[in-house]
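Structural characterization, general
Listed below are the residues making up each chain.
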Amino acid sequence: MTASADLAMVNLDSSDPAGHAAFYHQALGWEITHSQPEYAMISSGGVSIGFGLVEGYRPPSWPDPSGDKRYHLDLYVDDLATAEETFVAAGASKPDFQPGGERWVVLLDPIGQPFCICPRPQS
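Calculation criteria
- Residues numbered from 1 in each chain as written.
- Predicted model: local features only at pLDDT ≥ 70, side-chain atom pairs only at ≥ 80, totals over all residues.
- Heavy atoms only, no water.
- Helix = DSSP H or I, 4+ residues; strand = E, 2+ residues; numbered from the N terminus.
- Buried < 20%, exposed > 50% of the residue type's maximum accessible area, 1.4 Å probe, protein only.
- Contact = heavy atoms within 4.5 Å.
- Areas by Shrake-Rupley, 256 points an atom, 1.4 Å probe, with all protein chains shown as cover.
- Salt bridge = Lys/Arg side-chain N within 4 Å of Asp/Glu carboxyl O.
- Phe/Tyr/Trp six-rings, centres within 6.5 Å; stacked < 30°, edge-to-face > 60°.
- Pairing = 2+ DSSP bridges.
- Arc of directions from axis to C-beta.

An unreviewed UniProt entry lists the chain under the name Putative enzyme related to lactoylglutathione lyase, with Micromonospora jinlongensis as the source organism.

Here's what the structure looks like:
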């Protein structure tokens, strides 16, 4: 498969999104582009890391091969339908629950880890 997407964003579960973002802002030097108690984001060079509040969040033990999902990737694509076809042909699947409407599509990679495909912003 040839590359047909660009990494747009990584989202991480968190018990303290604003604090989490502040830490990575200092660690990476990325700009804090959003900061609220329930969600925060840092960005650099068109790529972002988001931190979403998860009530009762428990950090994973490491290593833990039976651990729950802790992240998902958002990928920019030129055309949602074409990208969906390409990724499904490469082994992804599309779950029934699609919270993004026409704004994005949730897919599961071949090992079941969710990721989203999002329309590339028009400049």
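Before going further, it helps to examine the overall build of the chain. Scanning the chain from terminus to terminus reveals two helices and seven strands. Sequence-ordered secondary structure for the chain, helices as α and strands as β, is β-α-β-β-β-β-α-β-β. Its C-alpha atoms give the chain principal-axis dimensions of roughly 40 × 40 × 25 Å. Split into buried and exposed, the 123 residues of the chain put 28% on the buried side. Taking contacts inside the chain between residues at least 6 apart in sequence as the whole, the part at least 24 apart equals 50%. If you sum the accessible surface of the chain, you get close to 8000 Å²; carbon and sulfur atoms cover 56% of it.

Under the counting rule described, the total for this entry stands at three salt bridges. Note that K94 and E84 form a salt bridge whose closest N and O atoms lie 3.5 Å from each other. Here E84 lies in helix α2 (residues 80-89) and K94 lies in the loop between α2 and β6 (105-108), a separation of ten residues in the sequence. The class for E84 is partly exposed, based on a relative accessible area of 21%. Linked by salt bridges that have partners in common, D6, D78 and R120 make up one network.

Before going further, it helps to spend a moment on the packing of aromatic side chains. Summed over the entire model, instances satisfying the criterion amount to three aromatic pairs. Each ring, one from Y24 and one from F51, has its centre 5.8 Å from the other, and the planes form 15°; the classification is stacked. With a gap of 27 residues between them, Y24 in helix α1 (residues 17-28) and F51 in strand β4 (residues 47-53) connect regions that are remote in the sequence. Judged by its relative accessible area of 0%, F51 falls in the buried class.

Of the strand pairs in this sheet, β6 and strand β7 (residues 114-119) are connected by four bridges, and their pairing is antiparallel. Bridge pairing in β7 places V105 opposite I117. Hairpin connection from β6 to β7: five residues lie between these consecutive antiparallel strands, with G112 at a positive phi of about 95°.

We now examine α2. Of all the residues in α2, the buried ones are L80, A83 and F87. All buried residues of α2 project into a common sector of 65° when viewed along the axis, lining one side. Exposed and facing more than 90 degrees away from the buried side of α2 are A81, E85 and A89. Positive backbone phi, at 120°, marks G91, one or two positions downstream of α2.

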